[in-house]
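Understanding the architecture of this molecule
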Amino acid sequence: MEKQYRDEVFEQAKAWILEAGERIREQIDAPRSIETKSNPNDLVTEMDQNTERFFAEKIKAEYPEHFLFGEEGFGDEIEAVDGTIWIVDPIDGTMNFVHQKRNFAISIGIYHDGIGEIGFIYNVMEDILYSAKKGEGAFKNAERLSDLNDTRPLKESILALNTTWMLPENPHVDHKGIESLVKKLRSTRSYGSAALEFAFVAEGILDGYLTMTLMPWDYAAGAILVQEVGGVVTKADQEPLDLLHKTTVLASRSNIHKEISDDYVTLKGKSDL
Ligand code: 2AM
Ligand code: CA
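One structure accompanies this document, and this report is about it. (Residues numbered from 1 in each chain as written. Chains lettered and ligands numbered in written order. Predicted model: local features only at pLDDT ≥ 70, side-chain atom pairs only at ≥ 80, totals over all residues. Heavy atoms only, no water.)

1. Quick notes on the coordination of the calcium ion (ligand 2)
Here the calcium ion (ligand 2) is held by Glu-71 (OE), Asp-89 (OD), Asp-89 (OD) and Ile-91 (O), and the distances to it run 2.1 to 3.0 Å. As a motif over one chain, the donors of the calcium ion (ligand 2) read E-x17-D-x1-I. Of this pair, Glu-71 sits in the loop between strand E3 (67-70) and strand E4 (84-92) while Asp-89 sits in strand E4; the two residues are 18 residues apart in sequence, bridging distant segments of the chain. In this structure Glu-71 comes out as partly exposed when scored by relative accessible area, which is 25%. (Donors = N, O, S within 2.8 Å, 3.2 Å for Na, K, Ca; no water. Helix = DSSP H or I, 4+ residues; strand = E, 2+ residues; numbered from the N terminus. Buried < 20%, exposed > 50% of the residue type's maximum accessible area, 1.4 Å probe, protein only.)

2. Quick notes on the site of ligand 1
By nearness alone, 13 residues border ligand 1, and Asp-89, Asp-92, Gly-93, Thr-94 and Ala-194 come closest of all. Contact between ligand 1 and Asp-89: an oxygen atom at 2.9 Å from a side-chain N or O atom of the residue. Backbone polar atom of Gly-93 to an oxygen atom of ligand 1: 2.7 Å apart, as the coordinates give it. Compared with its free state, where it exposes 490 Å², ligand 1 has 75% of that area covered by protein. Grouping the constituent residues of the shell around ligand 1 by class yields 3 nonpolar, 5 polar and 5 charged. Built from parts of two domains, the shell around ligand 1 gets at least three residues from each of domain 1 (3-144) and domain 2 (154-264). (Near = heavy atom within 4 Å. Polar contact = N/O pair within 3.5 Å; in protein donor to acceptor, adjacent residues only side chain to side chain. Areas by Shrake-Rupley, 256 points an atom, 1.4 Å probe, with all protein chains shown as cover. Nonpolar A, V, L, I, M, F, W, Y, C, P; charged D, E, K, R; others polar. Domains from an automatic or database assignment.)

3. Some words on the packing of helix H1 (residues 3-26) against helix H2 (residues 46-62)
Two elements in contact, H1 and H2, have axes whose closest approach is 11 Å; the angle formed by their N-to-C orientations is 155°. It follows that H1 is roughly antiparallel to H2 by the angle criterion. In this structure, H1 crosses over H2, and the sense of that crossing is right-handed. Each of Gln-12, Trp-16, Ile-17, Glu-19, Ala-20, Arg-23 and Ile-24 in H1 lies in contact with H2, whose residues at this interface are Met-47, Thr-51, Phe-54, Phe-55, Lys-58, Ile-59 and Glu-62. (Axes fitted to C-alpha atoms, helices over the stretch in contact; angles between N-to-C directions. Parallel < 35°, antiparallel > 145°, perpendicular 65-115°, else oblique. Left-handed = near helix turned anticlockwise from the far one by under 90°. Contact = heavy atoms within 4.5 Å.)

4. Re the nonpolar core
Membership of the largest hydrophobic core comes to 38 residues, with the highest contact counts inside it found for Ile-87, Ile-121, Tyr-130 and Phe-198. Contributions of two or more residues to this core are made by E4, strand E5 (105-112), strand E7 (128-133), helix H5 (194-203), strand E12 (208-214), helix H6 (216-228) and strand E14 (247-252). Residues from two domains meet in this core; each of domain 1 (3-144) and domain 2 (154-264) gives at least three. Leaving out residues up to four positions away in the same chain, Phe-198 has contacts with Ile-121, Tyr-209, Leu-214, Asp-218, Tyr-219, Gly-222, Ala-223, Val-226, Val-233, Val-249 and Ala-251. (Core = buried A, V, L, I, M, F, W, Y, C linked by side-chain atoms within 4.5 Å.)

Such coordinate-based values are descriptive only and should not be taken to indicate function.
Okay, structure coming up:
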């Protein structure tokens, strides 16, 4: 994507994200009906749907040649990465949105022919916008984020990790390896919003994020942000991410990435689930 065009799309997307976030903040205390999707804990609200519809309408009107790949299904059927695709999670961390009324984000990654060009993660209630453009670094609001420290050892690292992966019956990863990893680390965190977990890795307040089940809209923006500050983002077995399917993800500072994957992660099946 040409720089001038990327800058223009960036400014447009930023304005829409801030507007969508303001609408969510205005209605944060309104009564809402909550439905479930794939399981009783997979929540969705009208706010998720209305926010994605807002982006779908804006993108269609302004950029009819672009595609939208969104969690709530208001976009296009995407089967290939060709062209310009907005990969949108209107609310990442819906359970936090419903239960906590904070700790959720709007996540938008804009890809051209499979290359990440623009990433936004908007922590709505804190009004903090993380952003990145390919080759131009990452920002937290107006502050440029520093390149990640690549010397801190694993034993002094904090990793975002869900407790699920330590349960023997989890279908994705050998729990004993994760148990050893947890013992090795300084500590773990679990924020409940994949997008924010990526943003915190990019900011350097987390050293990494390991998960077994993410959809493209959960990591599309985050992967761009983390890579722009020198971090490494792959599937948990170090294979490249593929943008179209559910996947495992390991995002971290460069010096601990291979060690985590080689020494602690043994997948039970393929990394694309
Ligand atoms: P969501 O809120 O947009 O659904 C919670 O640990 C994180 O995982 C959130 O980012 C959440 O995104 C995501 N998530 C929840 N259920 C998921 C599922 N079945 N597959 C993939 N990601 C999921
Ligand atoms: Ca969502």
